[in-house]
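One-letter residues, chain by chain:
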Amino acid sequence: METYNPCIECGICCTHFRISFYWAEADDAPGGFVPAEMTEKLTPHLRCMKGSNDVPRRCSALSGTLGEAVACTIYENRPTPCREFPVYFDDGTPNPKCDELRATIGLPPLPFFPLPQAA
């Protein structure tokens, strides 16, 4: 059974937020994992994904057509803000910010997605 992933058709969050994170997440720092060439310096302690600090925004790691079919080209090495933005909350309730952003590109709200309960 496949897991439902609305993000592979949407991608709007990758064009709405500045994706900023601690500089040492980039792979030019020991233990870093985000490709440094896809980032830019914000402050002495922060970087952001290229394209996400400009208006209009579009993260440099986003490929595909918004609202149709998208992918993160660095998904396994994406920065913390991308890993921590919840599409669904722990109880299966959709994140209202996701629904708000989805509406701006004509996508319907996310359905309630209850998680299986432990026995």
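Residues numbered from 1 in each chain as written. Predicted model: local features only at pLDDT ≥ 70, side-chain atom pairs only at ≥ 80, totals over all residues. Heavy atoms only, no water.

- By the naming in an unreviewed UniProt entry, the chain is YkgJ family cysteine cluster protein, taken from Thauera sedimentorum.

**Thoughts on the packing of aromatic side chains**
Aromatic rings in a pair are described by how distant their centres are and how their planes are angled relative to each other.
Then comes step 1: A full pass over the atoms with the stated rule returns 2 aromatic pairs.
Then comes step 2: Relative to phenylalanine 85, the ring of phenylalanine 17 lies with its centre 5.5 Å away and its plane at 55°, an arrangement referred to as tilted. Of this pair, phenylalanine 17 sits in the segment before strand S1 (20-22) while phenylalanine 85 sits in the loop between helix H1 (80-84) and helix H2 (96-103), and the two are 68 residues apart along the sequence.
Then comes step 3: Of the residues examined, phenylalanine 17 reaches a relative accessible area of 27% and is grouped as partly exposed.
Then comes step 4: Aromatic pair tyrosine 22 and tryptophan 23: ring centres 5.7 Å apart, planes at 55°, arrangement tilted.
Then comes step 5: Take tyrosine 22: its relative accessible area is 46%, and that puts it in the partly exposed class.
Then comes step 6: Taking relative accessible area as the criterion, tryptophan 23 reaches 33% and is therefore assigned partly exposed.
Then comes step 7: Lying over the aromatic face of tyrosine 75, arginine 78 brings its terminal NZ or CZ to 3.8 Å of the ring centre. (Phe/Tyr/Trp six-rings, centres within 6.5 Å; stacked < 30°, edge-to-face > 60°. Helix = DSSP H or I, 4+ residues; strand = E, 2+ residues; numbered from the N terminus. Buried < 20%, exposed > 50% of the residue type's maximum accessible area, 1.4 Å probe, protein only. Lys NZ or Arg CZ within 6 Å of the ring centre and 35° of its normal.)

**Considerations on H2**
Then comes step 1: Among all positions of H2, only Cys98, Asp99, Leu101 and Arg102 are buried. Within H2, the buried residues cover an arc of 165° as seen down the axis, which keeps them to one side. Along H2, the residues that are exposed and aim more than 90 degrees away from the buried face are Pro96 and Ala103.
Then comes step 2: Measuring from the side-chain oxygen of the N-cap residue of H2 to the backbone nitrogen of lysine 97 gives 2.9 Å; that N-cap residue is asparagine 95. (Arc of directions from axis to C-beta. Polar contact = N/O pair within 3.5 Å; in protein donor to acceptor, adjacent residues only side chain to side chain.)

**Observations concerning the pairing of strand S3 (residues 46-49)**
Taken residue by residue, a regular strand's side chains alternate between the two faces of the sheet.
Then comes step 1: Two strands pair when backbone bridges link them, and S1 and S3 are joined in this way by 3 bridges, in the antiparallel orientation. Its bridge partner lying in S3, tyrosine 22 is registered against leucine 46.
Then comes step 2: Bridge count between strand S2 (residues 39-41) and S3: 3 bridges; the pairing is antiparallel. Bridge pairing in S3 places threonine 39 opposite methionine 49.
Then comes step 3: Counting the residues that bridge the hairpin from S2 to S3 gives 4 residues. (Pairing = 2+ DSSP bridges.)

**Looking at the pattern of salt bridges**
Then comes step 1: Enumeration over the complete set of coordinates arrives at 3 salt bridges.
Then comes step 2: A salt bridge links aspartate 28 to arginine 47, with the nearest nitrogen and oxygen atoms 2.9 Å apart. Residue aspartate 28 is found in the loop between S1 and S2, and its partner arginine 47 is found in strand S3; the two are separated by 19 residues along the sequence.
Then comes step 3: Here lysine 97 and glutamate 100 are joined by a salt bridge, their closest N and O atoms 3.2 Å apart. (Salt bridge = Lys/Arg side-chain N within 4 Å of Asp/Glu carboxyl O.)

**Remarks on the sheet that holds S3**
Then comes step 1: Here 3 strands make up an open sheet; going across it, the order is S1-S3-S2 and the pairing antiparallel. Both edges of this open sheet fall to S1 and S2, since each of them pairs with a single strand only. Within the sheet, the average angular offset between the axes of one strand and its neighbour, ignoring direction, is 40°. (Axes fitted to C-alpha atoms, helices over the stretch in contact; angles between N-to-C directions.)

**So, the pairing of strand S4 (residues 62-65)**
Then comes step 1: The pairing of S4 with strand S5 (residues 69-72) spans 4 bridges and is antiparallel. Note that in S5 the partner of serine 63 across the bridge is alanine 71.

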